[in-house]
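Listed below are the residues making up each chain.
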Amino acid sequence: MDQIIIRGGRPLSGSIHISGAKNAALTLMPCALLSEEPLTLRNLPRLADIDTFGHLLNNHGVSTTIEGSHPGEYGRVMTLRANRITSTVAPYDIVRKMRASILVLGPLLARCGEATVSLPGGCAIGNRPIDLHLKALEHLGAEIEVTAGYVKAVAPKGGLRGGRYVFPTVSVGATENVVMAAVLAVGESIIENAAREPEIVDLCRCLIAMGAKIDGVGTERLVITGVPKLHGATYAVMPDRIETGSYACAVAITGGEIELIGAEDETLGATFDALREAGIETKATPRGLMVRRANGLHGITVSTAPYPGFPTDMQAQFMAMLALADGASLLTETIFENRYMHVPELARMGADITVRGRSAVVRGVDKLVGAQVMATDLRASMSLVLAGLAAQGETIVSRVYHLDRGYERLEEKLSAVGADIERISDG
């Protein structure tokens, strides 16, 4: 099993190109199920989760072809063709690997009138039920049964019907699923209290490029007028705002200055507000964003919340960064109840962190010390890499397959800006 070895203490300098967003790409790929014509996605990151989702779509009869980037572009180009759906069953063996697999439910149901999807897997960061996905689809007329670990959904005769659903709590995945289903439903659908994440905006823009009719994009109220069918399109995946924030934290914890090429400031709101409060300077450039640590790190108080609030996917990275800040910081996790599994590993490196329920008090220390640590989930993995970049001595991070799910060419990107980091394999 691969490990990452980091010899810390080096400031970072140079530029890092931000990859296409994993969370956006995994939402755009199932859009291919909605049309007989090809969907071409540009700026697709090279990640394990992308490959897994590709295998799932292949299972449904979608052909996938991958090219390198076009001149002047980064990432891969994938063309997905679903001219004929050969299976409406998403099996356990694939779905268990990744929670985003549930996003085939809405498209399959809308196009084929039925879908059978295994209950999903993913990072073990807490209870993430799919009841909101199912209730939203029921408001479009679907009949749903959960049995033997599978969701079985059937549309009424004549297909899904437009309906109105008010989410009791904001759900990104459920919003994505019902939007993809509603674009082919008969009549008008109104989605209230919809999630507003940039990745959902990206999804709506892609669907519109395919011929969907969606009003209210970027707001909590989406009005979708169903169309008989969608056509093909070519669409570029948005830059990854979580990767952007993670590398900004790398600058913050090590010092130095990095230009994040392709980063989009408008999607980073609360993350960069918190970074600036902690003492990090940011400046827009013609190619993206420049980030540098000004005069040390300062403790802050931050609480995760649905967009436009502070993202839960940045909590672990901020915790590592704030372990070396002046004074104390208070982090509160409101989205998932089990997202502090990185705390014991950071403590092995000398961090002073006390967890009290859903809150964590981080008292800044003078130094972190390299140690052997184990990744527990995707974002926790990055927090350990960040700590290793700043720690004295050598840090060995194991179970790095988590990192490969969400960070493209991590060691290569960090090495290019001065980090002493390498991946080793035991065979």
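Residues numbered from 1 in each chain as written. Predicted model: local features only at pLDDT ≥ 70, side-chain atom pairs only at ≥ 80, totals over all residues. Heavy atoms only, no water.

Take the domain arrangement of the protein chain next. Looking at the protein chain, the domain boundaries give domain 1 (3-18 + 239-424) and domain 2 (22-233). Computed over C-alpha atoms, the centres of domain 1 and domain 2 are 30 Å apart. Each partner contributes to the interface: domain 1 provides 21 residues, whereas domain 2 provides 19 residues. Between domain 1 and domain 2, a total of about 2000 Å² is buried, with carbon and sulfur atoms accounting for 56% of that surface. Run the count over domain 1 and domain 2 and you get two salt bridges. In this structure, Asp49 engages Arg405 in a salt bridge whose closest nitrogen and oxygen atoms are separated by 2.9 Å. Inspection of the region where domain 1 meets domain 2 yields six residue pairs in polar contact (both at pLDDT 80 or more). (Domains from an automatic or database assignment. Contact = heavy atoms within 4.5 Å. Buried area = accessible area lost by both parts, 1.4 Å probe. Salt bridge = Lys/Arg side-chain N within 4 Å of Asp/Glu carboxyl O. Polar contact = N/O pair within 3.5 Å; in protein donor to acceptor, adjacent residues only side chain to side chain.)

Checked against the element boundaries, Gly364 lands in the loop between strand 21 (359-363) and strand 22 (372-374). Along the primary structure Gly364 and Leu297 are separated by 67 residues, whereas in three dimensions their C-alpha atoms are 9.3 Å apart. When neighbours within four sequence positions are excluded, Gly364 is seen to be in contact with Leu322, Ala323, Ala325 and Gly327. (Helix = DSSP H or I, 4+ residues; strand = E, 2+ residues; numbered from the N terminus.)

Two elements in contact, helix 8 (residues 241-254) and helix 9 (residues 269-277), have axes separated by 10 Å at closest approach and are oriented at 10°. Here helix 8 is positioned roughly parallel relative to helix 9, judged by the angle of their axes. Residues Thr244, Gly245, Ala248 and Cys249 of helix 8 form the contact with helix 9, whose participating residues are Thr271, Phe272 and Leu275. Here the residues of the contact of helix 8 with helix 9 are counted per class, giving four nonpolar, three polar and no charged. (Axes fitted to C-alpha atoms, helices over the stretch in contact; angles between N-to-C directions. Parallel < 35°, antiparallel > 145°, perpendicular 65-115°, else oblique. Nonpolar A, V, L, I, M, F, W, Y, C, P; charged D, E, K, R; others polar.)

Relative to the assigned elements, Thr40 resides in strand 3 (residues 39-44). Of note is the side chain of Thr40, whose polar atom sits 3.0 Å from the side chain of Thr79. Thr40 has contacts with Val77, Met78, Thr79, Ala233, Thr234 and Tyr235, leaving out every residue within four places of it along the chain.

Here the focus is the sheet that holds strand 19 (residues 328-332). Pairing in this open sheet of four strands is mixed, and the strands run 18-19-21-20 from one edge to the other. Strands with a single pairing partner mark the edges of an open sheet, and in this sheet they are strand 18 (301-303) and strand 20 (352-356). Ignoring which end each strand starts from, the neighbouring axes of this sheet average 15° apart. Pairing analysis gives five bridges linking strand 20 to strand 21, with the strands arranged antiparallel. Its bridge partner lying in strand 21, Arg356 is registered against Ser359. (Pairing = 2+ DSSP bridges.)

In this section: the side chain of Thr376. As for its position among the elements, Thr376 is in the loop between strand 22 and helix 12 (378-390). When residues no more than four places from it in sequence are discounted, the contact partners of Thr376 are Met341, His342 and His402.

Our focus in this paragraph is the pairing of strand 14 (residues 233-236). Residues in a regular strand project their side chains so that they alternate between the two faces of the sheet. Every second residue of strand 14 is oriented toward a common face, the buried set being Ala233 and Tyr235 and the non-buried set Thr234 and Ala236. In this sheet, strand 14 lies alongside strand 3 in parallel orientation, the contact comprising four bridges. Bridge assignment links Arg42 to a residue of strand 14, and that residue is Ala236. (Buried < 20%, exposed > 50% of the residue type's maximum accessible area, 1.4 Å probe, protein only.)

Strands sit in the order 6-7-9-8 across an open sheet of four strands; the sheet is mixed. One side of each edge strand has no neighbouring strand; the edge strands of this open sheet are strand 6 (89-90) and strand 8 (143-147). Where helix 4 (residues 105-112) meets the sheet, it contacts strand 7 (114-118) and strand 9 (150-154), and its direction lies at approximately 160° from that of strand 7.

In this structure, Pro308 follows Tyr307 across a cis peptide bond, with omega equal to 15°. Tracing the backbone through its elements, the reader meets Pro308 in the loop between strand 18 and helix 10 (315-322). Of note, the phi angle at Ala148 is positive, near 55°, even though the residue is not glycine. Mapped onto the fold, Ala148 is located in the loop between strand 8 and strand 9.

UniProt records the feature "binding site: phosphoenolpyruvate" (unreviewed entry) for Lys22 and Asn23 in the present numbering. Its place among the elements puts Lys22 in helix 1 (residues 22-28). Owing to a relative accessible area of 7%, Lys22 belongs among the buried residues under this scheme. Residue contacts for Lys22: discarding those within four places in its chain leaves Pro45, Leu47, Asp49, Asp240, Leu378, Arg379, Arg405 and Gly406. Relative to the elements of secondary structure, Asn23 occurs in helix 1. A relative accessible area of 27% means that Asn23 is categorised as partly exposed. Not counting residues up to four positions away in its chain, the partners in contact with Asn23 are Glu199, Asp313 and Arg379. (UniProt positions renumbered as here; feature names shortened; annotations may be inferred.)

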